[in-house]
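Structural characterization, general
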Amino acid sequence: DIQMTQSPSTLSASVGDRVTITCRASQSISRWLAWYQQKPGKAPKLLIYDASSLESGVPSGFSGSGSGTEFTLTISSLQPDDFATYYCQQYNSFPWTFGQGTKVEIK
Amino acid sequence: QVTLKESGPALVKPTQTLTLTCTFSGFSLSTFAMRVNWIRQPPGKALEWLARIDWDDDKFYRASLKTRLTISKDTSKNQVVLTMTNMDPVDTATYYCALLKRGVDAFHVWGQGTMVTVSS
């Protein structure tokens, strides 16, 4: 199985901060990576697919980059609604696997 | 508007078989490129993909759970059913069904999830 490792596990930030989350794959996954946002008690929401394509309806402050084994999710200016847990997911090969999550907390 | 909703027992005993139903609307699973998945999330832990069924009845399973999982569809009822045998307390989780984005293997639309506890 491809292991997905996110860093940091927890991130404390303030409204307006630029935030970057990293996801590393244990082997190359080309650009077959998605990012999700999950709030407590809710299902995940797709933000980014194919490493850098913004899902329809997602604010433009979210962006993704990377290829191969290293990927980043960037929030250009953290908004109150952005405090949540973020997961990366690879779909290069079965079984599709997720990172362990990065919780973005209020500083 | 595409929606999915999971249903099933909230509590099952160890060794029992779990049957979960995903009832959806806004699309047909007989339409080309439609693919429905099951994903679970133990309390406070990460997401784990379990199984997928496609419009053409192709099925895919997480290898480590393959002997315990069966996924099926009833196109006329707009339902996808997941059965998991020999349930164990470690299978306690919220179970989600989710639709893949057409042409992309990313989970585009999710159900609200259903919490299943395995306990005697």
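Below is a summary of the structure that appears in this document.

Calculation rules
- Residues numbered from 1 in each chain as written.
- Chains lettered and ligands numbered in written order.
- Predicted model: local features only at pLDDT ≥ 70, side-chain atom pairs only at ≥ 80, totals over all residues.
- Heavy atoms only, no water.
- Disulfide = S-S within 2.5 Å.
- Helix = DSSP H or I, 4+ residues; strand = E, 2+ residues; numbered from the N terminus.
- Buried < 20%, exposed > 50% of the residue type's maximum accessible area, 1.4 Å probe, protein only.
- Pairing = 2+ DSSP bridges.
- Axes fitted to C-alpha atoms, helices over the stretch in contact; angles between N-to-C directions.
- 1 Å grid on protein atoms, 1.4 Å probe; cavity = no way out; pocket = protein on both sides within 12 Å on 5 of 7 lines; lining within 4 Å.
- Points joined across faces, edges and corners; volume = space filled by probe spheres on them.
- Nonpolar A, V, L, I, M, F, W, Y, C, P; charged D, E, K, R; others polar.
- Core = buried A, V, L, I, M, F, W, Y, C linked by side-chain atoms within 4.5 Å.
- Contact = heavy atoms within 4.5 Å.
- Salt bridge = Lys/Arg side-chain N within 4 Å of Asp/Glu carboxyl O.
- Polar contact = N/O pair within 3.5 Å; in protein donor to acceptor, adjacent residues only side chain to side chain.

In total, this model carries two disulfides over all chains according to the counting rule given. Here C23 of chain A engages in a disulfide with C88 of chain A; their sulfurs sit 2.1 Å apart. The S-S bond linking C23 of chain A to C88 of chain A shows a torsion near 70°; that makes this disulfide right-handed. One end of the pair, C23 of chain A, is in strand β3 (residues 19–25); the other, C88 of chain A, is in strand β9 (residues 85–90), and 65 residues separate them in sequence. The exposure class assigned to C23 of chain A is buried, which follows from its relative accessible area of 0%. There is a disulfide in this structure between C22 of chain B and C97 of chain B, and the S-S distance comes to 2.2 Å. On the S-S bond that ties C22 of chain B to C97 of chain B, the torsion sits near 70°, and the link is right-handed. Here the residue C22 of chain B occupies a position in strand β3 (residues 18–25), and C97 of chain B occupies one in strand β9 (residues 93–100), the gap between them amounting to 75 residues.

Residue and element names in this part refer to chain A. Strands sit in the order β1-β3-β8-β7 across an open sheet of four strands; the sheet is antiparallel. Two strands bound the open sheet, and with one partner strand each, they are β1 (4–7) and β7 (62–67). Averaged over all pairs of adjacent strands, the angle between their axes in this sheet comes to 20°, without regard to strand direction. Inspection of the sheet shows β7 paired to strand β8 (residues 70–75) by six bridges, in the antiparallel sense. Bridge pairing in β8 links S65 to T72.

For the rest of this paragraph, the subject is the layout of surface pockets. Taken as a whole, the largest pocket holds about 380 Å³ of empty space. Those elements that provide at least two residues to the lining of the largest pocket are β9 and β11 (102–106) of chain A together with β9 of chain B. Of the residues assigned to the lining of the largest pocket, the class counts are seven nonpolar, 10 polar and four charged. Considering only enclosed or pocket space, the second largest pocket measures out at about 160 Å³ in volume. Considering the residues around the second largest pocket, the lining is formed by D1, I2, Q3, M4, T97 and F98 of chain A together with A46, L47, E48, W49 and R62 of chain B.

Our next topic: the nonpolar core. One finds V36, W38, L50, V80 and Y95 of chain B to be the most contacted residues of the largest nonpolar core, which totals 29 residues. Mapped onto this core, the elements with two or more residues apiece are β3, β4 (35–41), β5 (48–54), β7 (69–74), β8 (79–84), β9 and β11 (114–118) of chain B. When neighbours within four sequence positions are excluded, L50 of chain B is seen to be in contact with W38, I39, R40, F60, Y61, R62, L65, L69, L82, M84 and Y95 of chain B. M4, A25, A84 and V104 of chain A belong to the second-largest nonpolar core, a separate cluster that totals 25 residues.

All names here are of chain A. The omega torsion of the bond from S7 to P8 falls at -5°, within 30 degrees of zero and hence cis. Of note, the amide linkage connecting F94 to P95 takes the cis form, showing an omega dihedral of -5°. Located in the positive-phi region is A51, a residue other than glycine, with phi close to 70°. Tracing the backbone shows A51 in the loop between β5 (45–49) and β6 (53–54).

Listed by partner, the interface residues are 21 residues for chain A and 21 residues for chain B. At the boundary of chain A and chain B, one finds two salt bridges. The partner of K101 of chain B in a salt bridge is E55 of chain A, with the nearest N and O atoms 3.0 Å apart. For the interface between chain A and chain B, the tally reads seven residue pairs in polar contact (both at pLDDT 80 or more).

The next thing to look at is the sheet that holds β3 of chain B. Neighbouring strands of a sheet are bound in pairs by backbone hydrogen bonds; such pairs are parallel or else antiparallel. Residues and elements named next belong to chain B. Read across the sheet, four strands follow the order β1-β3-β8-β7 without closing on themselves; strand pairing throughout is antiparallel. Only two strands of the sheet have a single partner each, and these edge strands are β1 (3–7) and β7. The sheet shows a mean angle of 20° between the axes of neighbouring strands, taken without regard to direction. Sheet analysis places β3 next to β8, joined by six bridges and oriented antiparallel. Looking at the pairing, L18 lines up with M84 of β8.

Remember that the coordinates give geometry; whether it matters functionally is a separate question.
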